[in-house]
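# Examining the three-dimensional arrangement
Listed here are the chains, written in short residue letters.
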Amino acid sequence: MCARSGCSRTRGPRLEAIAYRLLGSAGDAEDAVQDTFVRWHAADRGYVETPEAWLTKVLTNICLNQLTSARARRETYVGQWLPEPLLAGDRMAGPADTVEQRESVSIAMLTLMERLPARERVVYVLREAFGYAHTEIADLLDLTEANSAQIYRRAKQHLADGRTRVEVDEAAARKVVEEFLAAALSGNTDSLVRLLADDVVSAGDGGGVVFSLPEPITGRLRVARFLRRLFEPSESKWADIGGRADLFAEVDNGVPAVVIVVGERIVGIITLEVTTDGIAAVHTQANPAKLARATGRWAAAEHPDPAFAGW
């Protein structure tokens, strides 16, 4: 049986990782885990045979409720909604031992999972990212084992997009970012086109605070032209928040990413989904509320030199 404080220390990170994959928001994930432990401390633990299963069941039910209410909130969200990015090393990203675990936390996959009904998302995450058996999932969600397996198969079908993703290590990811930035900052559309897949998608989230396109744009030429304009130099681009930005080549959510920093504040994170056909998705998070956690971690860590300084 868990001790009062030991349970949150030992199981908290795993629960946070589950909740983040289910909700796509670090803040919402933290709230869900905190609510779970509030219920744990109030429970009659003498009747709890397996604390881990009890905590996971409570957490998934809280997340199911949040997913339902979040879907309603996002109908009034200003512009596009994208998941909150996590910097490399953030414990909330959870396990990254397998291809499935790494892919399940990418911004591209978290965005795709928004399409799933809430129960499908829970089954998919528990099975794909955390290796739960269908017997365990059935107990957690009050399903039959066969029903859990059926829901999982359906979720896999809904998430299939036909792309063959490329696994890149940290050095290769940074090289991808550096090539992307060199092309984007060159002012040459053709340089960008050569890096992009035919069906590339670009989406951005400004949360109604920072300008972003209201809908995704698709196609390599349209996306290349948009990126060329986005990366045009401008003296006034960051003037209202303290000066020019530095662009860092990083690995966030397990994929290559551009981290845009003014002073010690992250003002944008651009994640790149790399496939055998080129960069297939460019996701830009600029909503300040979704960059607060990343900024806090960034300010407390050491970093390599920027890939491009004084943008």
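Small disclaimer: the values here were computed from a predicted structure and weren't measured. (Residues numbered from 1 in each chain as written. Predicted model: local features only at pLDDT ≥ 70, side-chain atom pairs only at ≥ 80, totals over all residues. Heavy atoms only, no water.)

### A look at the packing of aromatic side chains
Keep this limit in mind: The pairing test for Phe, Tyr and Trp rings, Trp by its six-membered ring, is centres within 6.5 Å, and the orientation test on the planes gives stacked under 30 degrees, edge-to-face over 60, and tilted for anything in between. Helix and strand assignments come from DSSP, with helices taken as H or I runs of at least 4 residues and strands as E runs of at least 2, each series counted from the N terminus. Between buried and exposed lies partly exposed: a residue is buried under 20% and exposed over 50% of the maximum accessible area for its type, with that area taken using a 1.4 Å probe on protein chains only.
Applying the stated criterion across every chain, the model contains five aromatic pairs. Considering the side-chain rings of tyrosine 124 and tyrosine 152, the 6.2 Å spacing of their centres and the 25° angle between planes classify their relative orientation as stacked. Within this pair, whereas tyrosine 124 is found in helix H6 (residues 118-128), its partner tyrosine 152 is found in helix H8 (residues 145-159), the two being separated by 28 residues in sequence. Both residues of the pair, tyrosine 124 and tyrosine 152, belong to the buried class. Relative to phenylalanine 231, the ring of phenylalanine 180 has its centre 6.0 Å away and its plane inclined at 85°; by these criteria the two rings are edge-to-face.

### Focus on unusual backbone geometry
Within the chain, aspartate 142 stands out as a residue other than glycine whose phi angle is a positive 55°. By the element assignment, aspartate 142 lies in the loop between helix H7 (134-141) and H8. The backbone phi angle of asparagine 253 is positive, close to 50°, even though this residue is not glycine. Tracing the chain through its elements places asparagine 253 in the loop between strand E3 (246-252) and strand E4 (255-262). Overall, the relative accessible area of 4% leaves asparagine 253 in the buried class.

### Some thoughts on the sheet that holds strand E1 (residues 196-205)
Put simply, the test is: Being paired, for any two strands, means DSSP has found at least two bridges between them. Throughout, a residue-residue contact means that at least one pair of heavy atoms, one from each residue, lies within 4.5 Å. Helix axes use the C-alpha atoms of the stretch in contact, all axes being lines fitted to C-alpha atoms, and the angles between their N-to-C directions lie in the range 0 to 180 degrees.
In space, the six strands of this open sheet follow the order E2-E1-E6-E5-E4-E3, with mixed pairing throughout. Of all the strands in the sheet, the pair left with one neighbour each is strand E2 (217-218) and E3. For E4 and strand E5 (residues 265-275), the ladder comprises six bridges, and the chain directions are antiparallel. Directly across from isoleucine 260, in E5, lies its bridge partner glycine 268. Packing of helix H9 (residues 170-186) onto the sheet brings it into contact with E3, E4, E5 and strand E6 (278-285), and relative to E3 it is tilted by some 145°.

### A short note on the side chain of threonine 60
Positionally, threonine 60 belongs in helix H3 (residues 51-74). Excluding residues within four positions of it along the chain, threonine 60 makes contact with Val122, Leu126 and Leu141.

### With respect to the environment of valine 262
In this fold, valine 262 is placed in strand E4. Valine 262 gets classed as buried once you look at its relative accessible area, which sits at 5%. C-alpha separation for the pair valine 262 and arginine 244, spaced 18 residues apart in sequence, amounts to 6.3 Å.

### Focus: the packing of helix H2 (residues 26-42) against H3
What counts, and what does not: When an angle is under 35 degrees it counts as roughly parallel; over 145 it counts as roughly antiparallel; between 65 and 115 it counts as roughly perpendicular; any other value is oblique. What makes a crossing left-handed is the near helix being turned counterclockwise from the far one by less than a right angle; a clockwise turn instead makes it right-handed.
Contact geometry of H2 with H3 gives a least axis separation of 9 Å together with a crossing angle of 135°. In terms of orientation, H2 lies oblique with respect to H3. At the point where H2 passes H3, the crossing takes the right-handed sense. Here Asp28, Ala32, Val33, Asp35, Thr36, Phe37, Arg39 and Trp40 of H2 lie close against H3, whose contacting residues are Pro51, Trp54, Leu55, Val58, Leu59, Ile62, Cys63, Gln66 and Arg73.

### Regarding the pairing of E3
Burial runs high along E3: six of the seven residues are buried. For E3 and E4, the ladder comprises seven bridges, and the chain directions are antiparallel. Each residue of the ladder has a partner; that of aspartate 252, found in E4, is valine 255.

### A few points about the pattern of salt bridges
What counts here: Between Lys or Arg on one side and Asp or Glu on the other, a salt bridge is scored when a side-chain nitrogen of the former is within 4 Å of a carboxyl oxygen of the latter.
In total, this model carries 18 salt bridges according to the counting rule given. The partner of aspartate 90 in a salt bridge is arginine 297, with the nearest N and O atoms 3.8 Å apart. Remark: arginine 297 occurs in helix H12 (residues 292-299) and aspartate 90 occurs in the loop between H3 and helix H4 (99-104); sequence separation between them is 207 residues. A salt bridge links lysine 156 to glutamate 128; the nearest nitrogen and oxygen atoms lie 3.6 Å apart. Separated by 28 residues along the polypeptide, lysine 156 in helix H8 and glutamate 128 in helix H6 bring together distant segments of the chain. The exposure class assigned to glutamate 128 is buried, which follows from its relative accessible area of 13%.

### Focus on the pairing of E6
Extensive coverage of E6 is indicated by the burial of eight of its eight residues. Bridge analysis of E1 against E6 gives six bridges, and the strand direction is parallel. Residue serine 202 lies in a different strand from E6, and its bridge partner there is valine 282. Here seven bridges tie E5 to E6, and the two strands are oriented antiparallel to one another. Pairing of glutamate 273 across the sheet is with alanine 281, part of E6. The turn linking E5 back onto E6 is made up of two residues.

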